[in-house]
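Each chain is listed here by its residues.
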Amino acid sequence: MEGNGTLNGTDTGVSGPVLDAGHIVAYTALFLMAVVPIYIGSLKSILHMKHSNKSGETEVLSSEDAAMFTVWASCTLFSLYLAIKFLGKEVVTFAMSIYLLLMGAVSLAGHLEPFVAPFFPKKYLGAPFHLCLKRDVKDKKQQVSEQGQTPSGTDGANTGSAQGKDSSKDHVLFDLRFDNSHILCLFISLAIAVAYFFTKHWLFNNLLGLSFAVSGITILPLGRFQTGCILLSCLFFYDIFWVFGTDVMVTVAKSIQAPIKVCFPKDFVTDGIFGTKEAMLGLGDIVIPGAVIALLARFDDFLKPGSRVYFTTTLVAYVVGFITTLTVMHVFNAAQPALLYLVPACLITPALTAVVRGEFSKLWNYDDEKDCVFTKEEEADLDKSKSD
């Protein structure tokens, strides 16, 4: 957060320590737009991870990747800063907007589909469309047989047998199934993305930004609490350096108009949706702590399906850290890196909870790939729902 009201370098429109109704409404809106995506994304991540493990498609973040994340984030941030300085913020904003709006439209379409599908007749649902891109990978025996040669150590009969059998393997590069409701949702999302591109209105920005936040929390595969500790600890110092030590983060956040944040007008009380003095919160302050909280929700499910002990206590700690950040920023009217308060809240709280409950070893050794799986009862329900 930055003084003059900034969350990780994004302007909240606060000009001093005076707290009026407009500020309260804006701060409350930011609070809800941070907590609700974390809550939804965390609970969705349980089922997402179980399905990924069942299909064998799980790819989790390694400790080395977590440590290097800060390096790559710093390089990206500084590159954007240089591009803004030498190319102009208009060029950078345009380039980023095109990419992020397309990604945002796809993400938003996925979140709209559950709300749109019930209004479609069943005959139009059921994934009637299938797009698939495969790379044909042939084994050595088939390649040799196609060239009319006999592999050493085999006779002609064996070769003929190999020729008669399709030994090629399909490496799937892209596989997408969708129905009419998905197509409608995509058109709605694209319309919202286009509307944001031309108007830059905060409502359209929030729809895209919140969809990014929920998707990121749902699918960001930390894998282990150890990895989450490394990632958040590195970002703790990253945030402090780029906010307190330089003007880089503040410059980038203020210059780029793209759905990389959520915002709400401070003058909403007087001007409604047409307010322009926006309070903003960077998505990083939602997604990164949210990914750790989602991991703890999966750990809860591993200990006891339906349990929410670690998830609830850490979410409450996030709320306390968020309110602390807002308070310090507003009182001192100075730049405040939000992760300075959020990281300790999201790491110390679950660790202490585990120590008190005598489960620290289980928390430290928990592994999404091995431990986040369907129970026999869930497998039976899943098979029954598919048959229905």
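Reading the values: the criteria
- Residues numbered from 1 in each chain as written.
- Predicted model: local features only at pLDDT ≥ 70, side-chain atom pairs only at ≥ 80, totals over all residues.
- Heavy atoms only, no water.
- Helix = DSSP H or I, 4+ residues; strand = E, 2+ residues; numbered from the N terminus.
- Buried < 20%, exposed > 50% of the residue type's maximum accessible area, 1.4 Å probe, protein only.
- Contact = heavy atoms within 4.5 Å.
- Areas by Shrake-Rupley, 256 points an atom, 1.4 Å probe, with all protein chains shown as cover.
- Phe/Tyr/Trp six-rings, centres within 6.5 Å; stacked < 30°, edge-to-face > 60°.
- Core = buried A, V, L, I, M, F, W, Y, C linked by side-chain atoms within 4.5 Å.
- Salt bridge = Lys/Arg side-chain N within 4 Å of Asp/Glu carboxyl O.
- 1 Å grid on protein atoms, 1.4 Å probe; cavity = no way out; pocket = protein on both sides within 12 Å on 5 of 7 lines; lining within 4 Å.
- Points joined across faces, edges and corners; volume = space filled by probe spheres on them.
- Nonpolar A, V, L, I, M, F, W, Y, C, P; charged D, E, K, R; others polar.

**Points about the overall build of the protein chain**
Reasoning step 1: A count of helical and extended segments in the protein chain gives 16 helices and 6 strands.
Reasoning step 2: Among the 388 residues that make up the protein chain, the fraction classed as buried is 46%.
Reasoning step 3: In the protein chain, of all internal contacts separated by at least 6 residues, the share reaching a separation of at least 24 is 80%.
Reasoning step 4: When the accessible surface of the protein chain is totalled, it reaches about 19,900 Å², and 65% of it is carbon and sulfur.

**Side note on the packing of aromatic side chains**
Reasoning step 1: Under the counting rule described, the total for this entry stands at 18 aromatic pairs.
Reasoning step 2: Consider the rings of tyrosine 39 and phenylalanine 311, whose centres lie 5.7 Å apart with planes at 50°: the pair is tilted. Remark: phenylalanine 311 occurs in helix 12 (residues 309–332) and tyrosine 39 occurs in helix 1 (residues 21–55); sequence separation between them is 272 residues.
Reasoning step 3: When the centroid spacing of 5.0 Å and the interplanar angle of 65° are considered together, the rings of tryptophan 202 and phenylalanine 264 count as edge-to-face. Taken as a pair, tryptophan 202 in helix 7 (residues 202–219) and phenylalanine 264 in strand 5 (residues 261–265) lie far apart in primary sequence, 62 residues in all.

**Quick word on the nonpolar core**
Reasoning step 1: With 74 residues, the main nonpolar core has Ile286, Tyr318 and Phe322 as its most contacted residues.
Reasoning step 2: The greatest single-element share of this core, amounting to 11 residues, is contributed by helix 11 (residues 284–303).
Reasoning step 3: Core analysis: the second largest hydrophobic core is formed by 7 residues, Ala105, Leu108, Ala193 and Leu208 among them.

**Some details on the pattern of salt bridges**
For side chains of opposite charge, pairing can occur when their charged atoms come near one another.
Reasoning step 1: For the coordinates displayed, the defined rule picks out 4 salt bridges.
Reasoning step 2: Close ionic contact of aspartate 301 with lysine 50 constitutes a salt bridge, the shortest N to O distance being 2.7 Å. Residue aspartate 301 is found in helix 11, and its partner lysine 50 is found in helix 1; the two are separated by 251 residues along the sequence.
Reasoning step 3: We classify aspartate 301 as buried; its relative accessible area is 12%.
Reasoning step 4: For aspartate 368, the salt bridge is made with arginine 298, and the minimal N-O distance between the two is 2.8 Å. With a gap of 70 residues between them, aspartate 368 in helix 15 (residues 368–371) and arginine 298 in helix 11 connect regions that are remote in the sequence. Like aspartate 368, the residue arginine 298 is buried in the burial classification.

**Overview of the layout of surface pockets**
Reasoning step 1: Approximately 1,600 Å³ is the volume attributed to the largest pocket.
Reasoning step 2: Around the largest pocket, the lining is made up of 40 residues, and of these Lys44, Ser107, Gly110, His111 and Ser215 lie nearest the centre.
Reasoning step 3: Among the elements of the structure, helix 1, helix 3 (89–116), strand 4 (169–178), helix 6 (180–199) and helix 7 are those that each provide at least two residues to the lining of the largest pocket.
Reasoning step 4: Residue contributions to the lining of the largest pocket peak at 11 residues, all from helix 1.
Reasoning step 5: When its residues are assigned to classes, the lining of the largest pocket shows 23 nonpolar, 11 polar and 6 charged.
Reasoning step 6: Approximately 1,200 Å³ is the volume attributed to the second largest pocket.
Reasoning step 7: Considering the residues around the second largest pocket, the lining is formed by 35 residues, among which Phe69, Tyr238, Ile260, Leu283 and Gly284 are closest to the centre.
Reasoning step 8: Listed by contribution, the elements that provide at least two residues to the lining of the second largest pocket are helix 2 (63–87), helix 3, helix 7, helix 8 (225–245), helix 9 (248–255) and helix 11.
Reasoning step 9: Of the residues belonging to the lining of the second largest pocket, the class tally is 25 nonpolar, 7 polar and 3 charged.

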